[in-house]
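Fold and contact review
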Number of protein chains: 2
Amino acid sequence: MSILVVGSVAYDDLETPSGKRDRVLGGAASHFSTSASFFSPVSLVAVVGGDFDERHISFFQKRGIDISGLQMIPEGKTFHWTGHYLNDINHAETLETRLGVFEYFRPQLTEQHRSIPFVFLANIHPELQLSVLEQVKAPKLVAMDTMNFWITSTRDQLQKVIERVDILFVNDNEAKMLTGEKNVTKAASQMMGWGPKVIVVKRGEHGALLFGQDFVFSAPGMPLAHIVDPTGAGDSFAGGFIGYLAKSQSALDEAHLRRAAICGSVMASFQVEDFSLDRMRTLTAMDIERRYRDFKSLSDFPDTAIFE
Amino acid sequence: MSILVVGSVAYDDLETPSGKRDRVLGGAASHFSTSASFFSPVSLVAVVGGDFDERHISFFQKRGIDISGLQMIPEGKTFHWTGHYLNDINHAETLETRLGVFEYFRPQLTEQHRSIPFVFLANIHPELQLSVLEQVKAPKLVAMDTMNFWITSTRDQLQKVIERVDILFVNDNEAKMLTGEKNVTKAASQMMGWGPKVIVVKRGEHGALLFGQDFVFSAPGMPLAHIVDPTGAGDSFAGGFIGYLAKSQSALDEAHLRRAAICGSVMASFQVEDFSLDRMRTLTAMDIERRYRDFKSLSDFPDTAIFE
């Protein structure tokens, strides 16, 4: 089944202990779409400026991503993020954010996009997330991401979005900010009370916790000796997660959710191996299959009794 | 098989968000012994003062722990730790450490203790850990723990101990301090180069990573809604880990190491549910068996292929 993603396509200037890159392809929707495209058809709704390189358009097309919803404003500039990971590879420090054309972004879905069964609301203004929800027609599944900025500045609107989604992706800190709970289990339980059937707490190198209706699943983080660029890991995670669910067509069944969390972890583990979306350019289904088995081997243990 | 543990038996004054307790039973060797005693016979070598309560002696005896090596110095005072977890349940802040009789502790093993096949060197001065290694007779397996204080103050002696053990338990931060490596995988690889066959990196609520000769295993942390007192969680983890290996008699085989890490996680997850060793007073083999299955359910996922 198809996935509709609405979010940012951006240029990133970034520096990590592995090096420095200027004007590379970034943005939550780019990372999500690319990751999800390995599993299911994806339609991308976003906006870029006249400075957006044709090569990136070709990259999306090569990944089979429908970019009929990628609006281009010739006189404007593409959203531009500048940041680094020099003090801690696990935490981005933002140096500058230039919204460019993103400031006036008002997603207008085509008739065809409104009927797409899986919807992912990437990290954008909750007002825009709501406007997408007003336009879509009875989707099978809606998932969303957000960030600390919206939690502090537009809490009421954000709350309305959360109440209408099936799956909420947050990180540890966002879960605490949203609920005022220091304990992640209590925080998840509180958030599920608001509406979502599934809460996914992303924990960076420590993996992710998935809270379902009557189960909890812990997806490990793959211990990697070389992390080149963590930018987009969370969106690649969500892309693998939702991509797998859309592929399996079995949205909220426990076994599929567990596999979805591992597919997300697999995609995030590849994402960080190179700058920008570079690792995704050569990635194959066989690589994904192999890393999925690596995750199994990483976390598997015998389930026989200990005491006779 | 039997386990010999050498370390501290202490009184703790502590405060957590759940409450305050004074002069409760603590110390690395108390926690390790109690946890390990659910799996294998344990001999405890430590020292206490004349102020040590008979009830704690009875507790160890009730757990079947051999305390013939628990020396008592009537004119001295038991090691006493005061700390709290008020700002962050995952980090102890030490307010005071009174060494008492521990200052003059020089472990003297009996002939019987020297022949015990499994040895655990709890977190004590590396000089004392070395002295124990000089006394034991060809043990089947030696494991050790340490702390940041010894890494900074007695690095050379500590290094000598590490070179002689089979299993090294450290936490994330200690791994980084010991190696100067920020990346835990690289740190583990460096430490394995020093001698240990297995490196276990404890990560608190995030579980543990086990690095073996040719595999890595990630044991999840059990997401608990109520954490009463994290004191001793690391030692309970090591106790379950080594306790299980001694029980299975199959020291460094991969499947047993994976199960050992889960047994450690199971014991740590119980340890934090109440103050001091209180949860251990009522714990049963059936509870352990059940929580082991909970860990399986927490981390299990289907291993069938994703792409046809």
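Look above for the structure.
A short tour of the structure in this document, coming up.

This brings us to the overall build of chain A. Counting its secondary structure elements, chain A contains 12 helices and 13 strands. Its C-alpha atoms give chain A a radius of gyration of 18 Å, within 12% of the compact-globule value 19 Å for 308 residues. Here the contacts in chain A between residues at least 6 apart in sequence split such that 67% fall between residues at least 24 apart.

The subject of this paragraph is the relation of the copies chain A and chain B. It takes a turn of 180 degrees to lay chain A on chain B, together with a shift of 0.0 Å along the axis; the resulting RMSD is 0.0 Å. Both copies of the chain, as the preceding transformation shows, are related through a two-fold rotation axis. Interface overlap between copies is the fraction of interface residues in one copy that are interface residues in the other; for chain A against chain B it reaches 100%, indicating a shared surface.

Let us look at the environment of Phe307(A). Tracing the backbone through its elements, the reader meets Phe307(A) in the segment after helix 12 (285-299). A tally of 12 C-beta atoms within 10 Å means that Phe307(A) is categorised as exposed. Each C-alpha atom, one on Phe307(A) and one on Tyr11(A), is 57 Å from the other, the two residues being 296 residues apart in sequence. With residues up to four places along the chain from it excluded, the contact list for Phe307(A) reads Ala285(B) and Glu289(B).

Time to look at the pairing of strand 8 (residues 118-121) of chain B. Residues and elements named next belong to chain B. Residues Phe118 and Phe120 of strand 8 are buried on one face, and the alternating residues Val119 and Leu121, pointing to the opposite face, are buried as well. Bridging between strand 8 and strand 9 (residues 141-144) involves four bridges; their strand directions are parallel. Note on strand 9: the bridge partner recorded for Leu121 is Met144. Taking the sense of rotation as the criterion, the β-α-β connection linking strand 8, helix 4 (residues 126-135) and strand 9 turns out right-handed.

A separate point is the sheet that holds strand 7 (residues 93-98) of chain A. Backbone-to-backbone hydrogen bonds join strands into a sheet, with any given pair of strands oriented parallel or antiparallel. Residues and elements named next belong to chain A. The four strands lie next to each other as 3-2-6-7, forming an open sheet whose pairing is mixed. Only two strands of the sheet have a single partner each, and these edge strands are strand 3 (19-26) and strand 7. Strand-to-strand twist in this sheet, taken as the mean axis angle between neighbours without regard to direction, amounts to 15 degrees. Where strand 6 (residues 80-84) and strand 7 come together, five bridges link them in antiparallel fashion.

When a protein is soluble and globular, its nonpolar side chains tend to lie buried together. Counting 196 residues, the largest nonpolar core has Val5(A) and Val5(B) as the members making the most contacts within it. Aside from chain neighbours lying at most four places away, what touches Val5(B) is Ala29(B), Phe32(B), Ser33(B), Val42(B), Leu44(B), Val45(B), Phe120(B) and Ala122(B).

Moving on, we get to the interface of chain A and chain B. Across the boundary between the two partners, chain A contributes 34 residues, which contact 34 residues of chain B. Secondary-structure elements contributing two or more residues to the side of chain A that touches chain B are helix 8 (184-192), strand 13 (216-219), helix 10 (254-271) and helix 12 of chain A. Of the residues that constitute the side of chain A that touches chain B, the class distribution is 22 nonpolar, five polar and seven charged.

Turning our eyes to something else, we now look at the sheet that holds strand 3 (residues 19-26) of chain B. All names here are of chain B. Reading across from one edge, 3-2-6-7 is the order of the four strands in this open sheet, with mixed pairing throughout. Of all the strands in the sheet, just strand 3 and strand 7 (93-98) have a single pairing partner and so form its edges. Direction aside, the axes of adjacent strands within the sheet are offset by 15 degrees on average. For strand 2 (residues 10-16) and strand 6 (residues 80-84), the ladder comprises five bridges, and the chain directions are parallel. Paired with Asp13 across the bridge in strand 6 is Thr82.

This part takes up the packing of helix 4 of chain B against helix 6 (residues 155-162) of chain B. Each pair of packed helices gets described by two things: the angle between the helix axes and the distance between those axes. Residues and elements named next belong to chain B. Remark: helix 4 packs on helix 6, axes separated minimally by 8 Å, with the N-to-C direction vectors making an angle of 30 degrees. Considering the relative orientation of helix 4 and helix 6, their crossing is left-handed. Contacts between helix 4 and helix 6 involve Pro126, Glu127, Gln129 and Leu130 on the former and, on the latter, Gln157, Leu158, Lys160 and Val161. Taken together, the residues that form the contact of helix 4 with helix 6 break down as four nonpolar, two polar and two charged.

This part takes up the packing of helix 10 (residues 254-271) of chain B against helix 12 (residues 285-299) of chain B. Residue and element names in this part refer to chain B. It is the contact of helix 10 with helix 12, at a shortest axis distance of 9 Å, that shows an interaxial angle of 110 degrees. Accordingly, the angle class assigned to the pair helix 10 and helix 12 is roughly perpendicular. Here helix 10 and helix 12 pass one another in a crossing that is right-handed. Note on element contacts: helix 12 touches helix 10 through Ile288, Arg291, Tyr292 and Phe295, opposite Ile262, Ser265, Val266, Ser269 and Phe270. Classifying every residue of the contact of helix 10 with helix 12 by side-chain character gives six nonpolar, two polar and one charged.

Since the α-helix advances by 3.6 residues per turn, residues separated by three or four positions end up pointing in the same direction. The first and last C-alpha atoms of helix 10 of chain A sit 26 Å apart over 18 residues, in line with the 26 Å expected at 1.5 Å per residue. In terms of burial, helix 10 of chain A is a largely internal element, 15 of the 18 residues being buried.

With that settled, consider the environment of Thr82(A). Residue and element names in this part refer to chain A. Note that Thr82 resides in strand 6. The exposure class assigned to Thr82 is partly exposed, which follows from the 16 C-beta atoms found within 10 Å. Once the C-alpha coordinates of Thr82 and Ser250 are considered, the two residues, 168 residues apart in sequence, prove to be 39 Å apart. If near-sequence neighbours (up to four positions away) are discounted, Thr82 is found in contact with Asp13, Leu95 and Glu96.

This part takes up helix 8 (residues 184-192) of chain B. Residues Val184(B), Ala187(B), Ala188(B) and Met191(B) constitute the buried set of helix 8 of chain B. For helix 8 of chain B, the arc enclosing every buried residue in end-on projection is 100 degrees, short of the 170-degree limit, so these residues lie on one face.

About the thresholds
- The residue numbers shown here count from 1 along each chain, following its written sequence.
- Note on labels: chains are lettered from A, ligands numbered from 1, in written order.
- A pLDDT threshold of at least 70 governs which residues receive local features in this predicted model, and a stricter bar of 80 or more applies before side-chain atom pairs are shown or counted, although totals over entire chains, interfaces and linings include all residues.
- Elements are defined by DSSP. Helices are runs of H or I of four residues or more, strands are runs of E of two residues or more, and each kind is numbered from the N terminus.
- With the radius of gyration taken over C-alpha atoms, the globule rule is written as 2.2 Å times the number of residues to the power 0.38.
- A residue pair is marked as a contact if its C-beta atoms, positioned from the backbone, fall within 7 Å.
- Least-squares fitting of one copy onto the other uses the C-alpha atoms of those residues that reach a pLDDT of at least 70 in both copies.
- Here the C-beta atoms are placed from the backbone, and a residue counts as buried if at least 20 other C-beta atoms lie within 10 Å of its own, exposed if 12 or fewer do, and partly exposed otherwise.
- Whether two strands pair depends on DSSP finding at least two bridges between them.
- Classification remark: right-handed applies to a crossover when, strands pointing away from the viewer, the course from the first strand over the helix to the second runs clockwise.
- For helices, the fitted line uses only the C-alpha atoms of the stretch in contact; every axis is such a line through C-alpha atoms, and the angle between N-to-C directions lies from 0 to 180 degrees.
- By convention the nonpolar core is taken to be a set of buried residues drawn from Ala, Val, Leu, Ile, Met, Phe, Trp, Tyr and Cys and joined through C-beta atoms within 7 Å.
- Note on residue categories: nonpolar means Ala, Val, Leu, Ile, Met, Phe, Trp, Tyr, Cys or Pro, charged means Asp, Glu, Lys or Arg, and polar means any other residue, Gly included.
- Each crossing gets its handedness from the near helix: less than a right angle anticlockwise from the far helix is left-handed, clockwise is right-handed.
- Angle categories: roughly parallel below 35 degrees, roughly antiparallel above 145, roughly perpendicular from 65 to 115, and oblique for all the rest.
- Multiplying 1.5 Å by the helix residue count minus one yields the expected span of that helix.
- The reported arc concerns the directions from the helix axis to the C-beta atoms and nothing else.

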